[in-house]
Amino acid sequence: MSEEPALALLRLLREEDGQSIHRVAKRLQLGLSELQRVLAALGDDPRFDGLDLVERRQDGERTLLWLTDKGRRLVEGA
């Protein structure tokens with residue numbers, strides 16, 4: 001993958017919000033553990049000084065990824 005994983009994730013969710021964590025990992029060609037680290041930085045977890053750009057929502061056993069309002073404003077302005 002040529003671009004930074006965090007930027008690639010934000011762009012992917014800008015195109016289609018609400019994708020499963022497994023689908024995102026596959027589309028970005030990232031291992032699940034690497035994606036989890038990116039999400040720690042982009043999420044709202046205060047333990048990791050998260051940026052609050054991406055939120056995780058549970059849909060049964062699936063974890064779906066959505067841009068927060070802050071994340072959407074950032075990528076739509078880019």
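Residues numbered from 1 in each chain as written. Predicted model: local features only at pLDDT ≥ 70, side-chain atom pairs only at ≥ 80, totals over all residues. Heavy atoms only, no water.

**Quick notes on the overall build of the protein**
Logical step 1: Looking only at helices and strands, the protein features four helices and three strands.
Logical step 2: Ordered by position in the sequence, the α and β elements of the protein form the string α-β-α-α-β-β-α.
Logical step 3: Computed over its C-alpha atoms, the radius of gyration of the protein comes to 11 Å, within 12% of the 12 Å expected for a compact globule of 78 residues.
Logical step 4: Counting only C-alpha atoms and orienting by the principal axes, one finds that the protein spans roughly 30 × 30 × 20 Å.
Logical step 5: Looking at the 78 residues of the protein, the share that counts as buried comes to 38%.
Logical step 6: Of note, the protein has its 13 positive side-chain charges centred 3 Å away from the centre of its 15 negative side-chain charges. (Helix = DSSP H or I, 4+ residues; strand = E, 2+ residues; numbered from the N terminus. Rg over C-alpha atoms; globule rule 2.2 N^0.38 Å. Buried < 20%, exposed > 50% of the residue type's maximum accessible area, 1.4 Å probe, protein only. Lys, Arg positive; Asp, Glu negative; His and termini not counted. Charge placed at Lys NZ, Arg CZ, Asp CG, Glu CD.)

**Observations concerning the side chain of Thr 68**
Logical step 1: Among the structural elements, Thr 68 can be located in the loop between β3 (62-67) and α4 (69-77).
Logical step 2: Ignoring sequence-local partners within four residues, the contact set of Thr 68 consists of Asp 52, Leu 53, Val 54 and Glu 55. (Contact = heavy atoms within 4.5 Å.)

**Brief notes about helix α1 (residues 5-15)**
Logical step 1: All buried positions along α1 are accounted for by Pro 5, Ala 6, Ala 8, Leu 9, Leu 10, Leu 12 and Leu 13.
Logical step 2: Turning to α1, the residues buried within the fold contact β1 (19-20), α2 (21-28), α3 (32-42), β2 (54-59), β3 and α4.

**Considerations on the environment of Leu 64**
Logical step 1: Tracing the backbone shows Leu 64 in strand β3.
Logical step 2: Taking the C-alpha atoms as reference points, Leu 64 and Asp 17, separated by 47 residues in sequence, lie 8.6 Å from one another.
Logical step 3: When neighbours within four sequence positions are excluded, Leu 64 is seen to be in contact with Gly 18, Gln 19, Ser 20, Glu 55, Arg 56, Arg 57 and Asp 59.

**Observations regarding the packing of α1 against α2**
Logical step 1: One can describe the packing of α1 onto α2 by two numbers: an axis separation of 11 Å at closest approach and a directional angle of 120°. Accordingly, the angle class assigned to the pair α1 and α2 is oblique. Note on packing geometry: the crossing formed by α1 with α2 is right-handed. On the side of α1, the interface is formed by Pro 5, Ala 8, Leu 9 and Leu 12, while α2 contributes Val 24, Arg 27 and Leu 28.
Logical step 2: Grouping the amino acids of the contact of α1 with α2 by side-chain chemistry returns six nonpolar, no polar and one charged. (Axes fitted to C-alpha atoms, helices over the stretch in contact; angles between N-to-C directions. Parallel < 35°, antiparallel > 145°, perpendicular 65-115°, else oblique. Left-handed = near helix turned anticlockwise from the far one by under 90°. Nonpolar A, V, L, I, M, F, W, Y, C, P; charged D, E, K, R; others polar.)

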